[in-house]
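Descriptive analysis of the structure
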Amino acid sequence: MHGRPRRPAKPEDDEASAAKAAKLRDLQAQVLHNHHSRTYTKEALGLSFNLLEINPEAYTAWNYRKLAFQHNLRELSDPEAIKSAVDDELRVVEVALRQNPKSYGAWYHRKWLLNQKLAPVDFKREFGLLDKLLKVDARNFHGWNYRRFLARFLGVPDEEELKYTMDKISDNFSNYSAWHNRSILLSNLLMQQSKGFESKQKILSEEFELVIQALFTDPSDQSGWFYHLWLLAQTSTPEKPQLIASWPSNGVKLSSSFVREKVEQNTLSSIWCYSLQERIVPIVLYFDEPVKGLNPSSVKLKSDLVFAKDIHWRPLSVTDSGYSNCWTTQLEIANECNGLHQFSVEVIIPCSDDIVSRSGSHYNFPVDFSFSIELIGCGDTAEDIDLFRDPISWDCSEPFHPHGIYNSISFDQLKISSELVQEDSTWHLERLSDEIELFRELPDENSKFVKLTLARLLRACAAIKSRGRSLAERKGYCEEALGLLNDLIHLDPSHKRYYEDERSLVLMDQLTCNMETFMKHCSVKVQPNSAPMNHVQLCRLSLTRIGFAERLLWVQVLDLSHNSLRSVEGLEACQQLVCLNVSNNQISSFTALESLTKIKSLKVLDLSFNEIGAHSIDTTRYICSSPFSHKVEACEAFEECQQKNINVEDYWEAILFFKSANLAQLDIKGNAVANKENFRTLVMTLIPNLKWLDGECVH
């Protein structure tokens, strides 16, 4: 570990290991017998000590000693006797730590003993033990965790602990644990604005100077690079959460109908909204960092509409943390009207202590925007709409006509370069620019750390530039970052997927950052017996990840075919989405599609020619935020499938996905799962309203 080579085993080592194993089995059997019989004699405790001396990872032995300690403590009343019993247990832990300084059980037992607060703690002895251990291995994270525990226990000021990390870093720049502890301490001090830490700019500037010394001393060491990454995050992230996008955006008019002649003449002034057919309008708010606390008090709505249900804001996240960048509510309209009527909705987000980020920062950028909704009474429909009378076709061979002759929306209203976002301080940009120039001068051009850090710095600068008007300079940052990430894919193939994901984010940013570029991929799609829908085509771009979904909130038809996507995470923000094409990608399971279950308006889904069902082990469950397979849900869908003689165990994730889908059209041919027995029956059972399956009319 940590670059220390292992010596090859010798024959005598094998003999010793066999003898040790036999002794361990005997000791373990005796300890388990004493544990079950609740024998807590001195001899029995001696056996558990012998076991832990050889194998500190015997967790049952530690638990046995806790029970024995509590049992024998009842017979003690003299403070000195109690202190002696505590000291004996602490010595057992020390013996175990000599055998394995990274024993989880030993460190936990020591913390447990001190937390009992049965005797005064000899902190000099505790810190002395830590110093000895950290001299042997300065990066022992168990030791650093215990030091943080002791500092809290004793009430040691963070400022003093910060000095200790500096001493350790001075001894060895490669001490990752010291850098990590420093980031934790500085986060606390800056958040509390402790004396001497009021100026975040001053402190971070000093930290940049410190870590740059380490990086230039040994550019191949990882420790300093990780700390630099943490500093970059502190510098490029706004100090308080900000709203960066919304749908509907300010000034937009939504309508439940349209007149075809106006579409053809390019005079349509409203956006046709599919969900308005059911008198529902989703509102989406997108923040620059995960927040919680959105409720009717923190987000106020004013409208002349009557709503059937109370307003309830929910996070659009596949995790259950309560935090999310994206929040939504569904306006269920109860108004009855004859003829054409227009209503207004005003959204007001004042400064709020309720809306708070993970770092504890409160929302402090008041926003006020409004939009209108055009309703038409029953029987007054201006145009017959039957979206799914014929299957929706996706022909990527046809030339894409950017923007087309239809212009149902002024794209300026989309606020892609949102004026709601406040300008970052000049210091942020200057600091990042200085770092870029510095890393460009590093002599080791083939260092993956140099290239990756430079790419991250360029992305951070581009993000700040996007909030202003320096689009030309911003484009240069993106181009350089793409070049660096392409180099890294070839230079470090073992981390190819990570670099591809980073490259995809830069590419998505570059394509969507301004309307001049983005409009090449946008049009208003109109099909016979259909309605005008905002269409974006991002095909054949080698995308492996979806980014900047806040710029796609208005999209109704999205074509992401012929990429290399492994997940659709991020699309849950697109609550207007009606048709989605992710055919010819690398999606390998239904787990990777979980985000789509949060889009109630989604009616057309093309999954054809992916890799669903091709892998016996679903590796996606380990990289997705909250895979279906981690959820245990008793639902009617399983019972329905069992009644149709479908093996639920074979289709667990498919059932959980399709039970939440309300599709009218599904294409899934070209996936291994589509050829499995009873799969077609499963789909038609769980999606009763499905009309088209792989181009065939099923209902």
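Residues numbered from 1 in each chain as written. Predicted model: local features only at pLDDT ≥ 70, side-chain atom pairs only at ≥ 80, totals over all residues. Heavy atoms only, no water.

Here's the deal with the overall build of the chain
To keep things clear, this is the line we draw: Numbered from the N terminus, helices here are DSSP runs of H or I no shorter than four residues, and strands are runs of E no shorter than two. In this analysis, two residues are considered to be in contact whenever any of their non-hydrogen atoms come within 4.5 Å of each other. Accessibility throughout is a Shrake-Rupley quantity obtained with a 1.4 Å probe, and a residue counts as covered only by protein chains that appear here.
Of regular secondary structure, the chain possesses 20 helices and 19 strands. The long-range share in the chain, meaning contacts at least 24 apart out of those at least 6 apart in sequence, stands at 69%. Accessible area for the chain stands at about 33100 Å²; split by element, carbon and sulfur atoms hold 48% of it.

Looking at the sheet that holds strand 8 (residues 340–349)
Whenever strands of a sheet pair, they do so through backbone hydrogen bonds, lying parallel or antiparallel. Threshold: What makes two strands pair is DSSP finding at least two bridges between them.
With mixed pairing, the five strands of this open sheet are ordered in space as 3-2-11-8-5. Two strands close off the open sheet at either side, each with one partner strand: strand 3 (271–272) and strand 5 (300–303).

A word on the side chain of H142
For the record, the criterion: Exposure is judged per residue with a 1.4 Å probe applied to protein chains only, and the accessible area is read against the type maximum: over 50% gives exposed, under 20% gives buried, and values in between give partly exposed.
Position of H142 relative to the elements: it lies in helix 7 (residues 141–154). Given the relative accessible area of 7%, H142 is considered buried. Ignoring anything within four residues of it in the chain, the contact list for H142 reads P101, K102, Y104 and W107.

Overview of unusual backbone geometry
In the segment running from W247 into P248, the intervening peptide bond is cis, with an omega of -5°. Relative to the elements of secondary structure, P248 occurs in the loop between strand 1 (243–247) and strand 2 (253–255). Positive phi is not limited to glycine here, since R279 has a value of about 60°. By the element assignment, R279 lies in the loop between strand 3 and strand 4 (280–292).

What about the environment of K23?
Topologically, K23 is positioned in helix 1 (residues 11–37). By relative accessible area, K23 is classed as partly exposed at 49%. Here the alpha-carbon distance between K23 and L51, two residues 28 residues apart in the chain, equals 8.8 Å.

A look at the nonpolar core
Stated formally: The criterion is simple. A nonpolar core is a set of buried Ala, Val, Leu, Ile, Met, Phe, Trp, Tyr and Cys residues joined through side-chain atoms within 4.5 Å.
Counting residues in each nonpolar core, the largest one holds 150 residues, and the members touching the most others are L560, L580, F590, L596, F658 and L682. Looking at this core, the element that brings in the most residues is helix 14 (residues 448–466), giving 11 residues. Every residue in contact with L682, bar those within four places of it in the chain, is listed here: C641, I646, Y651, A654, I655 and F658. Counting residues in hydrophobic clusters, the runner-up holds 37 residues, among them I82, V92, A106 and L133.

Brief notes about helix 13 (residues 426–440)
Put simply, the rule reads: The span you would expect from a helix comes to 1.5 Å times its residue count less one.
In this model helix 13 runs 21 Å from its N-terminal to its C-terminal C-alpha over 15 residues, within 8% of the 21 Å that 1.5 Å per residue would give. Here helix 13 has its buried residues at W427, H428, L429, R431, L432, E435, I436 and F439.

What about the confidence of the model for the chain?
Heads up, the condition is: pLDDT is a residue-level measure of predictor confidence that goes from 0 to 100.
For the chain, per-residue confidence averages 84 on the pLDDT scale, and 85% of positions sit at 70 or higher. Note on residues 404–414: pLDDT is under 50 here. Beyond four places in sequence and across chains, it has 31 contacts. Scored below 50 in pLDDT, residues 622–632 makes 26 contacts in the model with residues more than four places away or belonging to other chains.

Some thoughts on the side chain of D137
For the record, the criterion: For this analysis, a polar contact is any N or O atom pair within 3.5 Å, provided that within protein one partner can donate a hydrogen and the other can accept it, and provided that sequence-adjacent residues contribute only side-chain to side-chain pairs.
Residue placement: D137 occurs in the loop between helix 6 (123–136) and helix 7. A polar contact of 3.3 Å, which involves the side chain of D137, links it to the side chain of K102.

Considering the layout of surface pockets
This is how it is decided: Cavity means a closed set of points on a 1 Å grid over the protein atoms alone, one where a 1.4 Å probe fits but cannot get out, pocket means an open set with protein on both sides within 12 Å along at least 5 of 7 lines, and lining means a residue has an atom within 4 Å of a point. Grid points are joined across faces, edges and corners, and a volume is the space filled by probe spheres set on the points. Under the grouping applied here, Gly and all other residues not named as nonpolar or charged are polar, the nonpolar ones being Ala, Val, Leu, Ile, Met, Phe, Trp, Tyr, Cys and Pro and the charged ones Asp, Glu, Lys and Arg.
Roughly 620 Å³ of volume is contained in the second largest pocket. Lining of the second largest pocket is provided by 18 residues; of these, K200, Q234, E239, S359 and S361 occupy positions nearest its centre. When residues of the lining of the second largest pocket are traced back to their parent elements, those giving at least two are helix 9 (176–192) and helix 11 (222–236). Sorting elements by how many residues they give to the lining of the second largest pocket places helix 9 first, with three residues. Of the residues in the lining of the second largest pocket, the class split is five nonpolar, eight polar and five charged.

Brief notes about helix 2 (residues 42–54)
Across its 13 residues, helix 2 extends 19 Å between first and last C-alpha, which sits within 8% of the 18 Å expected from 1.5 Å per residue. Taken together, the buried positions of helix 2 are occupied by A44, L45, S48, L51, L52 and I54.

With respect to the packing of aromatic side chains
We apply this condition: The criterion for an aromatic pair is that two Phe, Tyr or Trp rings (for Trp, the six-membered ring) have centres within 6.5 Å, with stacked assigned to planes under 30 degrees apart, edge-to-face to planes over 60 apart and tilted to the rest.
Enumeration according to the criterion identifies 24 aromatic pairs in this entry. Look at F638 and W652: their rings are 4.7 Å apart centre to centre, the planes differ by 35°, and that puts the pair in the tilted class. Of the two residues, F638 is situated in helix 18 (residues 636–643) and W652 in helix 19 (residues 652–658); the sequence distance between them amounts to 14 residues. Each member of the aromatic cluster is reached from another via a ring pair, and the members are W107, F123, Y146, F149 and F153.

Brief notes about the pattern of salt bridges
Defined as follows: Salt bridge criterion: a side-chain nitrogen from Lys or Arg within 4 Å of a carboxyl oxygen from Asp or Glu.
The final tally for this structure, using the stated rule, is 27 salt bridges. In this structure, R389 and D390 form a salt bridge, with 3.9 Å as the shortest nitrogen-oxygen distance. R389 sits in the partly exposed class, given a relative accessible area of 43%. Through salt bridges with shared partners, one network takes in K83, D87, E94, R110, R125 and E126.

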